[in-house]
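Breakdown of the fold
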Amino acid sequence: ETELASLQTRKTTINIAIKSEEDKLKSEGEACTRINNILNHDFGHQSLSLEAIENPNAQNVHFEIQRNGTKAHNLSEGEQSLISFCYFLAKIQDDLDQNNKPIIWIDDPISSLDSNHIFFIYSLIEEKICNDKKFLQLFISTHNLEFLKYLRRISGAEPDRSIGFSKEENRKASYFLIQRHDNFSTIRQMPIYLS
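Predicted model only: the values in this text are computed from it and were never measured. Chains are numbered independently. Their residues run from 1 in the order of the written sequence. Reporting in this predicted model follows two pLDDT cut-offs: at least 70 for local features of residues, and 80 or more for side-chain atom pairs to be given and counted; totals over whole chains, interfaces and linings ignore these cut-offs and use all residues. Heavy atoms from the whole structure form the basis of all side-chain values; hydrogens and water molecules are not counted.

Some remarks on the overall build of the chain
Under the convention used in this document: Elements are defined by DSSP. Helices are runs of H or I of four residues or more, strands are runs of E of two residues or more, and each kind is numbered from the N terminus. Only protein chains enter the accessibility calculation, which uses a 1.4 Å probe; a residue whose area is less than 20% of its type maximum is buried, one above 50% is exposed, and one in between is partly exposed. The accessible surface values rely on the Shrake-Rupley method and a 1.4 Å probe; as for residues, cover is taken only from the protein chains in view.
When you go through the chain residue by residue, the secondary structure sums to four helices and seven strands. Scanning the chain from its N terminus toward the C terminus, one meets helices and strands in the order α-β-β-β-α-β-α-β-α-β-β. In the chain, which comprises 195 residues, the proportion classed as buried is 31%. Counting every atom, the chain has about 13,100 Å² of accessible surface; 50% of that belongs to carbon and sulfur.

This is the structure:
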């Protein structure tokens, strides 16, 4: 009886491990579906897709970027940026949906993208992240003034005309510049004419 109980405990442990691995495979497949929905519907990239390729021997998943159903080679920097941003959105969505209140840092998501894609990136940040305000803090950095203009329209980033007049914690949004001085950089408040 003792040996049987031991074997049943071992069987239960193994079944839990198998279920956990199956759930991981399923979640990666769901992430691919989310990424492809964003690529196809929000950006209009019907030819690009991300596929989860299961490796049955190693019990893991790797991703393959496909163009028109075959493995894609020589992606442009813009295409790489788009896929990376879509992957980021798919991964952060779980934390937002579970009300984990993450601190989000998005570093120049529009590098190597044209003007149309700059607007779409702004729209996705607004729709998927900012509308529900399920994050603790949101930081977005950019080198692009056009993108900065869009960011000023994001929910919660409205100007409150309080620069220099109210405590920082009362402000809705803050705007900063990173200014380089030879071998070091400083962060300072963005001038009023820019912010």
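Overview of the packing of aromatic side chains
Note the threshold: Think of it this way: a Phe, Tyr or Trp ring, Trp meaning its six-membered ring, pairs with another when their centres are within 6.5 Å, and the plane angle makes it stacked under 30 degrees, edge-to-face over 60, tilted otherwise.
Summed over the entire model, instances satisfying the criterion amount to seven aromatic pairs. Here Phe85 and Phe88 contribute two aromatic rings whose centre-to-centre distance is 6.2 Å and whose plane-to-plane angle is 35 degrees, an arrangement assigned as tilted. Residue Phe85 and its partner Phe88 are both found in helix α2 (residues 77-97); the two are separated by three residues, about one turn of the helix. Here the aromatic rings of Phe119 and Tyr150 are separated by 5.4 Å at their centres, their planes lie at 65 degrees, and the arrangement is edge-to-face. Of the two residues, Phe119 is situated in helix α3 (residues 115-130) and Tyr150 in helix α4 (residues 145-151); the sequence distance between them amounts to 31 residues. A relative accessible area of 16% means that Tyr150 is categorised as buried.

Some details on the packing of α2 against α3
Going by this rule: Lines are fitted to the C-alpha atoms to define the axes, a helix being fitted only along its stretch in contact, and any angle between axes, read from their N-to-C directions, falls within 0 to 180 degrees. Roughly parallel covers angles under 35 degrees, roughly antiparallel covers those over 145, roughly perpendicular covers 65 to 115, and oblique covers all other angles. Contact criterion: two residues are considered in contact whenever any of their non-hydrogen atoms come within 4.5 Å of each other. Gly is put with the polar residues, along with every residue not named as nonpolar or charged; the nonpolar set is Ala, Val, Leu, Ile, Met, Phe, Trp, Tyr, Cys and Pro, and the charged set is Asp, Glu, Lys and Arg.
At a minimum axis separation of 11 Å, α2 and α3 run at an interaxial angle of 5 degrees. By the criterion of interaxial angle, the relationship of α2 to α3 is roughly parallel. Residue-level contacts link Leu82, Phe85, Phe88, Leu89, Gln93 and Leu96 of α2 to His117, Ile121, Leu124, Ile125, Lys128 and Ile129 of α3. In the contact of α2 with α3, the residues fall into nine nonpolar, two polar and one charged.

Looking at the confidence of the model for the chain
Atom-level detail of predicted coordinates should not be read off regions where pLDDT is low. What counts, and what does not: Residue-level confidence of the predictor is summarised by pLDDT, bounded by 0 at the bottom and 100 at the top.
For the chain, per-residue confidence averages 82 on the pLDDT scale, and 87% of positions sit at 70 or higher. When pLDDT is averaged over each helix and strand of the chain, the minimum, 80, is found for strand β1 (residues 48-55) and the maximum, 93, for strand β4 (residues 103-107).

Some remarks on the nonpolar core
The test is simple: Buried Ala, Val, Leu, Ile, Met, Phe, Trp, Tyr and Cys residues that are joined via side-chain atoms within 4.5 Å together make up what is termed a nonpolar core.
By size, the foremost hydrophobic cluster in this structure holds 33 residues, and its most contacted members are Phe43, Phe85, Ile104, Ile121, Ile125, Ile129 and Phe147. Every element with two or more residues in this core is listed here: α1 (2-42), β1, α2, β4, α3 and α4. For this core, the leading source of residues is α2, giving eight residues. When neighbours within four sequence positions are excluded, Ile129 is seen to be in contact with Phe88, Leu89, Leu96, Ile104, Ile106, Leu124, Lys134 and Phe135.

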